[in-house]
Amino acid sequence: MDYVHLRRQAASLRKGLFDQGYLDEQFYQLEDLQDDASPNFVEEVVTLFFRDSARLMANIDQALDKCVKDFNKLDVYMQQLKGSCTSIGASRMKTDCSAFRECCRDENIEGCMRSFQKIKREHSVLRQKLESYFQLLRQAGPVECATRPNK
């Protein structure tokens, strides 16, 4: 297995996530927190994000299905989701959460529905891309450190 090639693929995929606006500088900050003591820190945080965001999105789905729309409750749920997006640097999702919240302020249910569909699509794409990225990193294994040979 060509580990150098896998690392290059992972780096290219990661660069694409930034270039396409899926991630922002907050993701770099997460990576800076990863060290030898917690080599999978970023993947663990991202996994928690997807678990928690799925729960929040299910709550939003339920609130949107109700006959009487509680825009304050929808806004609270979306504020939580936006905070989660911000914590991992999910830039596109964060922007879409802001659009949804604006629709809540305007009590625009059609706008909320459109925004939420976009959020769900972005969530799905981001999950797939990050899962591919972390899979490549796992296949490539840990980065080897150069050491001096013993004399």
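Note that the coordinates shown come from a computational prediction; the quantities given were computed from them, not determined experimentally.

Definitions and cut-offs
- The numbering scheme is per chain: residues are counted from 1 as the chain's sequence reads.
- Two thresholds apply to this predicted model, a pLDDT of at least 70 for residue-level local features and 80 or more for giving and counting side-chain atom pairs, whereas whole-chain, interface and lining totals are computed over all residues.
- Calculation of side-chain values draws on the structure's entire complement of heavy atoms; hydrogens and water are dropped beforehand.
- Starting at the N terminus, helices and strands are each numbered in turn, a helix being any DSSP run of H or I of at least four residues and a strand any DSSP run of E of at least two.
- Within these notes, the globule rule equals 2.2 Å times the number of residues to the 0.38 power, and the radius of gyration is based on C-alpha atoms.
- We call Phe, Tyr and Trp rings a pair once their centres come within 6.5 Å, taking the six-membered ring for Trp, and we label the pair stacked below 30 degrees between planes, edge-to-face above 60, and tilted otherwise.
- Remark: exposure states derive from per-residue accessible area (1.4 Å probe, protein chains only) relative to the maximum for the residue type, with buried under 20%, exposed over 50%, and partly exposed in between.
- A ring has a charge above it when a Lys NZ or an Arg CZ is no more than 6 Å from the ring centre and no more than 35 degrees off the ring normal.
- UniProt positions are given in the numbering used here, feature names are shortened, and annotations may be inferred rather than shown by experiment.
- Structural elements are reduced to axes, namely lines fitted to C-alpha atoms, with helices fitted over the stretch in contact, and the angle between N-to-C directions of any two is expressed from 0 to 180 degrees.
- Orientation labels follow simple angle bins: below 35 degrees gives roughly parallel, above 145 gives roughly antiparallel, 65 to 115 gives roughly perpendicular, and whatever is left gives oblique.
- In this scheme the crossing of two helices becomes right-handed for a clockwise turn of the near helix relative to the far one and left-handed for an anticlockwise turn of less than a right angle.
- When checking whether two residues touch, look at their non-hydrogen atoms; a contact exists if any pair is within 4.5 Å.
- Each residue is assigned to one class: nonpolar for Ala, Val, Leu, Ile, Met, Phe, Trp, Tyr, Cys and Pro, charged for Asp, Glu, Lys and Arg, and polar for all the others, Gly among them.
- In this analysis, the expected span of each helix is defined as 1.5 Å times one less than the number of residues it contains.

## Here we look at the overall build of the protein chain
Scanning the protein chain from terminus to terminus reveals six helices and zero strands. Ordering the α and β elements of the protein chain from the N terminus gives α-α-α-α-α-α. Computed over its C-alpha atoms, the radius of gyration of the protein chain comes to 19 Å, more than 25% above the 15 Å expected for a compact globule of 151 residues. Seen through its C-alpha atoms, the protein chain measures out along the principal axes to roughly 75 × 25 × 20 Å.

## Some thoughts on the packing of aromatic side chains
Scanning the entire structure with this criterion turns up five aromatic pairs. Here phenylalanine 18 and tyrosine 28 contribute two aromatic rings whose centre-to-centre distance is 4.3 Å and whose plane-to-plane angle is 5°, an arrangement assigned as stacked. Of this pair, phenylalanine 18 sits in helix 1 (residues 3–19) while tyrosine 28 sits in helix 2 (residues 25–33), and the two are ten residues apart along the sequence. The class of tyrosine 28 is partly exposed, set by a relative accessible area of 37%. Judged by centre distance (5.2 Å) and plane angle (55°), the rings of tyrosine 133 and phenylalanine 134 are tilted. For phenylalanine 134, a relative accessible area of 6% gives the class buried. Directly above the ring of tyrosine 22 sits arginine 92, whose terminal nitrogen or CZ lies 4.0 Å from the centroid.

## Some remarks on the UniProt feature "domain: HPt" (unreviewed entry) in the protein chain
The UniProt entry lists residues 44–128 under the feature "domain: HPt" (unreviewed entry), expressed in the numbering used here. Helix makes up 88% of residues 44–128 and strand 0%. Its end C-alpha atoms lie 15 Å apart.

## Considering the packing of helix 1 against helix 6 (residues 109–140)
Close contact between helix 1 and helix 6 brings their axes to 8 Å; oriented N to C, the two are set at 155°. The pairing of helix 1 with helix 6 is recorded here as roughly antiparallel in orientation. The interaxial crossing formed by helix 1 with helix 6 has left-handed handedness. Here Tyr3, Leu6, Arg7, Gln9, Ala10, Leu13, Arg14 and Leu17 of helix 1 lie close against helix 6, whose contacting residues are Leu126, Lys129, Leu130, Ser132, Tyr133, Leu136, Leu137, Gln139 and Ala140. Taken together, the residues that form the contact of helix 1 with helix 6 break down as eleven nonpolar, three polar and three charged.

## Some words on helix 3 (residues 41–65)
The first and last C-alpha atoms of helix 3 sit 36 Å apart over 25 residues, in line with the 36 Å expected at 1.5 Å per residue. Residues of helix 3 that are buried: Val42, Val46, Phe49, Phe50, Ser53, Leu56, Met57, Ile60, Ala63 and Leu64. Where helix 3 is buried, its residues meet helix 2, helix 4 (71–88), helix 5 (91–105) and helix 6.

## What to know about the packing of helix 4 against helix 6
Closest axis-to-axis distance for the helix 4/helix 6 pair is 13 Å, and the angle between their directions is 25°. Accordingly, the angle class assigned to the pair helix 4 and helix 6 is roughly parallel. Regarding helix 4 and helix 6, the two cross each other, and that crossing is left-handed. Contacts from Phe71, Met78 and Leu81 of helix 4 reach helix 6 at Ile109, Cys112, Phe116 and Ile119. Residues of the contact of helix 4 with helix 6, tallied by class, amount to seven nonpolar, no polar and no charged.

## Topic: the environment of glycine 16
Relative to the elements of secondary structure, glycine 16 occurs in helix 1. It is 26 Å that separates the C-alpha atoms of glycine 16 and arginine 114, two residues lying 98 residues apart in sequence.

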